[in-house]
Amino acid sequence: MSTRSKYVLLFSFCLLVSVGQSQKPKPKRAKNIILMIGDGMGTAQIYAGLTANKGKLHLERCTYSGFHKNQSADHYITDSAAGATAFACGQKTYNGAIGVDANHQPIASILEIAERNGLATGMVVTCSSTHATPASFIAHQASRSLDEDIALDFMKTDIDVFIGGGRKFFEKRKDGKNLIDSLRAKNYQIANSIAEVQKVKTGKLAAFLAEEQQAKFSEGRGDELVKSTEVALQLLQQNKKGMFMLIEGSQIDWGGHANDTQYIMDEMVDFDNTIGKVLDFAAKDGNTLVIITADHETGGFSLVDGDMKTGKVEGKFTTTHHTGVMIPVFAFGPGAEQFSGIYDNTAIFDKMMQSFQFKVK
Ligand code: MG
Ligand code: ZN
């Protein structure tokens, strides 16, 4: 072989190696991951919120976006339980499943894995903390309707902060147990209003902002999600190892089920204001990966007219149920580039595991 062809061979080899490497770059490690779910938030819901906000959203500050395929193990149209279990545990399961696989076997969630690795963990939602989306990150139950069993599963974890509704599932139970007393015994501070939440400066916090479900934004809940998120960030960042937090704008979905455009817009803008606070934190921190997505779309919502100046839209719905369309994913921070492209909803779990550099499930 001539010297020249040797060089050509060597050059080709180097090219192959570098191409091979560039195909699978390792994401930068994230100290903190904040997963934000707008339940039922498809692209039309986002655009309705953007219009209500006169043409802009905090969401636009995300640097990468992609789409996920959300079909569940047994239905073309997923529900929030199977959708959240896919993100939380990395497996497709049946509709209604809370942190269990298709054979009803418990599967560890990213929140539990983070906890085992010494990270701080938290959940902030605008529904009962036992509702399908948050429940899938902390409980293992065959059905989403088992609110009291889901509440009992909170006792088996060391979650540091949870803020939502659902007081009655902890306090007024068929088995007579008072889990709020049990939480106090486990050193949780208990808050029953947003004012009480805001008084907490350190330590563990369990907050119950409603007996069952919180009110709509427009009917008295106001900006509790923004305020709760600020407190949760303040508490969780005190753990030097990092944090995993779930934040849910739970009621965008309920606006879709109700075919109520104004309900969707109010909840969407509230969720986006929360996104703004989280992105401010992440930008300042520099080690926080923020992922923003939905479990599915609700209402078959579309926009047939609108005005960026007045912030008004004319919405149309094709169903009062969920739909099967692809769902956008937005990301910001170290490892955000992993979220471009099209992938299964379960891949969001895998990407979070890679970002935390956690080894096994
Ligand atoms: Mg939900
Ligand atoms: Zn729904």
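Just above sits the structure.
The paragraphs below set out a description of the structure included in this document. The numbering scheme is per chain: residues are counted from 1 as the chain's sequence reads. Chain A is the first chain written and ligand 1 is the first ligand written, with later ones labelled in order. Local features in this predicted model are restricted to residues of pLDDT 70 or higher, and side-chain atom pairs are both shown and tallied only at a pLDDT of 80 or more, whereas totals for entire chains, interfaces and linings draw on every residue. Excluded from the side-chain calculations are hydrogens and water; all other atoms, namely the structure's heavy atoms, are used.

Right, let's get into the pattern of salt bridges. Counted as salt bridges are all cases of a side-chain nitrogen of Lys or Arg within 4 Å of a carboxyl oxygen of Asp or Glu. Evaluated as defined, the whole model comprises 14 salt bridges. In this structure, arginine 144 engages aspartate 79 in a salt bridge whose closest nitrogen and oxygen atoms are separated by 2.9 Å. In this pair, arginine 144 is assigned in the loop between α5 (132-135) and α6 (147-154) and aspartate 79 in the loop between β2 (64-69) and α3 (80-89), connecting sequence segments 65 residues apart. A salt bridge links aspartate 344 to lysine 92, with the shortest nitrogen-to-oxygen separation between them at 3.2 Å. In this pair, aspartate 344 is assigned in strand β14 (residues 341-344) and lysine 92 in the loop between α3 and α4 (110-116), connecting sequence segments 252 residues apart. Secondary structure elements follow DSSP: runs of H or I no shorter than four residues count as helices, runs of E no shorter than two count as strands, and numbering proceeds from the N terminus.

Right, let's talk about the pairing of β2 for a bit. One requirement defines pairing of two strands: DSSP has to find at least two bridges between them. Pairing geometry for β2 and strand β13 (residues 327-332), over five bridges, is antiparallel. Opposite histidine 68, over in β13, you have isoleucine 327 as the bridge partner. As judged from the four bridges shared by β2 and β14, these two strands associate in the parallel manner. Residue pairing for β14: phenylalanine 67 is matched across the bridge by isoleucine 342.

Turning our attention to the nonpolar core. Looking at soluble globular proteins, one finds that nonpolar side chains tend to be buried together. Throughout this description, the term nonpolar core refers to a set of buried Ala, Val, Leu, Ile, Met, Phe, Trp, Tyr and Cys residues connected via side-chain atoms within 4.5 Å. For every residue, the accessible area obtained with a 1.4 Å probe (protein chains only) is divided by the maximum for its type, and the residue is called buried under 20%, exposed over 50%, and partly exposed between those limits. Core analysis: the biggest nonpolar cluster contains 54 residues, and Leu35, Met123, Phe137, Phe162, Phe170, Leu183 and Phe244 have the highest contact counts within it. We call two residues contacting when some pair of their heavy atoms lies within 4.5 Å. With near-sequence residues (within four places) excluded, phenylalanine 244 lies in contact with Ile33, Leu35, Ile110, Leu111, Ala114, Ala120, Thr121, Gly122, Phe137, Met352 and Phe356. If you look at the next biggest cluster of nonpolar residues, it comprises 49 residues, including Val124, Val200, Val231 and Ala282.

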